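Architecture at a glance
Listed here are the chains, written in short residue letters.
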Amino acid sequence: MKELLIGNAAVARGLYEAGCSIVSSYPGTPSTEITEFAAKYDEIYCEWAPNEKVAMEVAFGASLQGKRACCCMKHVGLNVAADPLFTLSYTGVTGGLVICVADDPGMHSSQNEQDSRHYAKASKVPMLEPSDSAEALEFTKFAFELSEEFDTPVFIKMCTRVAHSQSIVETSERVVPEAPAYEKNPSKYIMIPANAKKRHPFVEERCRKLTAFAEESTLNRAEYAESDFGIITVGTCYQYVKEVFGDDVSVLKIGMINPLPVELIKSFAEKVKKVYIVEELDGFIEAHVKALGIECTGKEMFSNIGELSQLAVAKAFGKEVPSHIEVETAVPGRPPVMCAGCPHRGMYYVLAKNKITVLGDIGCYTLGAQPPLSALDSTLCMGASVSGLHGFNKAGGKGTEGKTVCVIGDSTFMHSGITGLVNISYNASNSTVIILDNSITGMTGHQQNPTTGYNIKGDPAAKIDLETLCKAVGINSVRVVDPYNLSECDTVLKEELQKEEPSVIISRRPCVLLKSVKAKPALKVDEDKCKSCKMCMKLGCPAISMHGGKASIDATLCVGCGVCTQMCKFDAIKDGGEQ
Amino acid sequence: MTKSIMIVGVGGQGSLLASNLLGKLLLSEGYDVKVSEVHGMSQRGGSVVTYVRFGDKVYSPIIEEGSADFVVSFEKLEAGRWAPFLKEGGTIITNTQQIDPMPVVTGAAEYPEAILEELRGKVKVDALDALTLAEEAGSSKAVNIVLMGRLAKYLGIPYEKWEEALRVVVKPRFIEMNIKALSLGYNYSE
Ligand SMILES: Cc1ncc(C[n+]2csc(CCOP(=O)(O)OP(=O)(O)O)c2C)c(N)n1
């Protein structure tokens, strides 16, 4: 059947058709929908793991059992899972094991734009990179065969444009291969030095065999034309090259980015007068081609920063580009903002008001870095707020402990905040950790996590109790506050900062976008009472603005959270339900 | 020939539903189709853009400056932001609704009230109050479908086909309301 699917849904379809039985992942844009779509197939067991390392190890266990398994993550998630990855390369697999990793060139929603292809090379694991949804489906299915044939995990590498673009796919039936019965195999699976020393030569031999495979495989495809020069390209860049040149230029389309073929590239280079390389981010193919002693042009012409496009390709090759109108009127930017009624806002206001130094983390709450709240001092990677706070306080001592906190979301705390808290407790820093518990993984589009009490299917699940967890790792002072109550937040914050021991404040309110959260009637401004002091504007709530010198509340956005009511000294903000 | 349509607006205005509708429709008309969506961050009230391209064979899923046949804007100033993406002879279809972005809310910038006047001097602009029409259809959320109805006037695909595709992409209990929104956009005249 012909269907229009985003790349991520096509990968999920590929998992289904290949008979994959287990998917364990941690969400992250642009990879999240693979697992969400996979979870719609009842035949596949799917779960949100607490982090990517756990997810990859779950997939390992399932493969050991003989079943086809998969884990999905965004590029930075692969950093977290790098430890199992490198040794998984040694053990190899029993059931096929596919690792989907999605890069985000252009950083549509990421903190860096690292190039995952280096991981494939460094861990000696093959990597396939589709250029549209049809290939995403086909390559995913094929990855399992490759995995089982060569005894290796296999990467499917996505990027934002392939992951989030719909194109046409042809679907077929699910076929589940028979799983071998589990057999103990210590020399393959117990990676102690004696065994690992024997597996390493296997890995090197596998690389040689895979390179030979790459020479012949239809994953890599030369399309010859009557052109002087030829282009080697991969993934979404192939589409840009075709958009600009159509069938007028010789193209070597790489589908298997690791290991790269040698003879195929040499013979392509011999047939053209000049070789160009079009790839996003680093010059990965370029380095390989140059190492073969072939002259080529790549990153001299194309940036290694951000995304490429048909326009970037056309410009680089000196082709005419379409003209366009200029707009002279200044059009203000529209950055993403914390929603009206977002429970993170109240706590941020209290932190900003008290001029607290705040080590931040990654989630919707990172938006608190923007004016007018400007509440954050740092954001590095998931979990780094808690461990960073410990370091900050150890280095700063008494001078900083009483005026510094960290903020971390519930999902991020379970991902990698808890280990930092163990460190605070064990190595005793007088640190104050604030968990912004909105009962969901917000930023990536509402995934369940171990603290929400539901699993990926929305069925009831064990609910990790944050208070008990924090106490269990040795934090005696654990307080819960309602971020809609500014004075409570203020009091508790001051008390905990003054204490001579580590503490955790759980700022708890479910995300207003959750279906289970019912909005209250929109609030209203009494214009006669409004003195235009703009105190309410300090919250950065998108529902509040100044109109004709008076504050005004947009009834379509306001959910009646009442935080602004507490800001107004003149009692000008009224409950919408009263009137 | 590949045709390119951009759907632009503010996160939360339902551009995904609009692009799903277009995708389904164009697929059933036998075209090669690519639809590039945005997910993640942009849900949170940021500026969002979706690209829809169709024709005999479509390669790139994205649209750049000077190449869109239509820019369908769900909000007034967003029409100005994305107008440079229009190709020569292209058309802007826009909602006249204003949604203040944060820099306007905080007073750091001014809302460009007169943006459409400038655009009218440069390109073809078809502007309508889609919010009022959506409310007339039964829900302020149907702005997206009103504007798709407006786009239907230009694409040359029989109107019944739009209705058919709409019935597939929306939940059964919202079908009637959305069909009305589609027709209000389609039949709107100044
Ligand atoms: C290692 C890693 N994995 C995944 C992500 C993607 N990501 C960014 S924030 C986030 C979760 C945020 O959830 P939570 O901590 O509950 O905060 P909320 O957004 O709900 O405020 C995820 C999964 C990431 N940035 N880094």
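Sequence order sets the numbering: in each chain, residues are counted from 1 along the sequence as written. Chains and ligands are labelled sequentially in the order written, the chains with letters from A and the ligands with numbers from 1. Confidence filtering applies because this is a predicted model: local features only for residues at pLDDT of at least 70, side-chain atom pairs given and counted only at 80 or more, and all residues used for totals across whole chains, interfaces and linings. Each side-chain value is worked out from all heavy atoms of the structure, with water and hydrogens disregarded.

**Some words on the sheet that holds strand β5 (residues 86-95) of chain B**
Only when DSSP finds a minimum of two bridges between them are two strands counted as paired. Put simply, DSSP H or I for four residues or longer makes a helix, DSSP E for two residues or longer makes a strand, and each gets a number counted from the N terminus. Taking strand neighbours across the sheet as the criterion, the eight strands line up as β1(A)-β8(A)-β2(B)-β3(B)-β1(B)-β4(B)-β5(B)-β6(B) in an open arrangement whose pairing is mixed. Unpaired on one side and paired on the other, β1 (2-6) of chain A together with β6 (124-128) of chain B mark the two borders of the sheet. Within the sheet, the average angular offset between the axes of one strand and its neighbour, ignoring direction, is 20°. By the bridge criterion, five bridges tie β5(B) to β6(B) in an arrangement that is parallel. Paired with Asn95(B) across the two strands is Leu128(B), which belongs to β6(B). Structural elements are reduced to axes, namely lines fitted to C-alpha atoms, with helices fitted over the stretch in contact, and the angle between N-to-C directions of any two is expressed from 0 to 180 degrees.

**Topic: the pattern of salt bridges**
Residue and element names in this part refer to chain A. Any carboxyl oxygen of Asp or Glu that lies within 4 Å of a side-chain nitrogen of Lys or Arg is treated as forming a salt bridge with it. One pass over the structure, following the stated rule, counts 42 salt bridges over all chains. Note that Arg 508 and Asp 437 form a salt bridge whose closest N and O atoms lie 2.9 Å from each other. Of the two residues, Arg 508 is situated in strand β18 (residues 503-508) and Asp 437 in strand β16 (residues 432-437); the sequence distance between them amounts to 71 residues. Think of it in three bands: with a 1.4 Å probe and only protein chains considered, a residue is buried below 20% of the maximum accessible area for its type, exposed above 50%, and partly exposed in between. Given the relative accessible area of 28%, Arg 508 is considered partly exposed. A salt bridge links Arg 479 to Glu 496; the shortest N-O distance between them is 2.7 Å.

**Structural notes on the packing of helix α1 (residues 7-17) of chain A against helix α7 (residues 133-150) of chain A**
A pair of packed helices is captured by two measures, namely the crossing angle of their axes and the spacing between those axes. Residues and elements named next belong to chain A. In contact at an axis separation of 7 Å, α1 and α7 are set at 35° when each is read in the N-to-C sense. The hand of the α1/α7 crossing is right-handed. For the pair α1 and α7, contact is made by Gly 7, Ala 10, Val 11, Arg 13, Gly 14, Leu 15 and Glu 17 and by Ser 133, Ala 136, Leu 137, Thr 140, Lys 141 and Phe 144, respectively. For a crossing to be left-handed, the near helix must be turned anticlockwise from the far one by less than a right angle; the clockwise case is right-handed. The contact definition used throughout considers only heavy atoms, calling two residues in contact when any of these lie within 4.5 Å.

**Considerations on the domain arrangement of chain A**
Residue and element names in this part refer to chain A. On domain assignment, one finds that chain A holds domain 1 (2-179 + 186-216), domain 2 (221-316), domain 3 (344-508) and domain 4 (524-574). These domain boundaries are the output of an automatic or database domain assignment. For domain 1 versus domain 3, the distance between C-alpha centres works out to 33 Å. Taken together, the contact between domain 1 and domain 3 spans 18 residues of the former and 16 residues of the latter. Here the buried area means the combined drop in accessible surface, using a 1.4 Å probe, for two parts upon being joined, counting both sides. Regarding the contact of domain 1 and domain 3, the summed buried area is about 1200 Å², with carbon and sulfur atoms giving 57% of it. It is Tyr 26, Trp 48 and Gln 111 that lose the most area in domain 1 upon contact with domain 3, and together they represent 40% of the buried surface on that side.

**A word on the interface of chain A and chain B**
With 56 residues of chain A at the contact, the number on the chain B side is 55 residues. Surface buried jointly by chain A and chain B totals about 4600 Å² across both partners, of which 60% is contributed by carbon and sulfur atoms. Three residues stand out in chain A for area buried against chain B, namely Gln166(A), Ile325(A) and Arg334(A), and they jointly supply 18% of the buried area on that side. Applying the counting rule to chain A against chain B returns four salt bridges. Glu328(A) is the partner of Lys122(B) in a salt bridge, and the nearest nitrogen-oxygen pair spans 3.3 Å. Polar contacts, as used here, are pairs of N or O atoms within 3.5 Å; protein pairs need one atom able to donate a hydrogen and one able to accept it. Residues neighboring in sequence count only if both atoms are side-chain atoms. Taken together, chain A and chain B are joined by 23 residue pairs in polar contact (both at pLDDT 80 or more). Within the residue set of the side of chain A that touches chain B, elements represented by two or more residues are β1, β8 (165-170), α11 (235-245), α14 (310-316) and β20 (544-547) of chain A. Each residue gets one label: Ala, Val, Leu, Ile, Met, Phe, Trp, Tyr, Cys and Pro are nonpolar, Asp, Glu, Lys and Arg are charged, and the others, such as Gly, are polar. Looking at the side of chain A that touches chain B, its residues break down into 26 nonpolar, 19 polar and eleven charged. Note that β8(A) and strand β2 (residues 32-36) of chain B share two bridges and pair antiparallel. Residue Gln166(A) lies in a different strand from β2(B), and its bridge partner there is Val35(B).

**Notes on helix α7 (residues 159-169) of chain B**
Residue and element names in this part refer to chain B. Looking at α7, one finds that the buried residues are Tyr 159, Trp 162, Ala 165 and Leu 166. In an axial view of α7, the angular spread of the buried residues amounts to 120°, which keeps them on one side of the axis. For α7, the exposed residues lying more than 90 degrees away from the buried face are Glu 160 and Val 168. On the buried face of α7, the contacting elements are α1 (15-28), α6 (143-155) and α8 (175-187). In this context, the arc is that of the directions from the helix axis out to the C-beta atoms.

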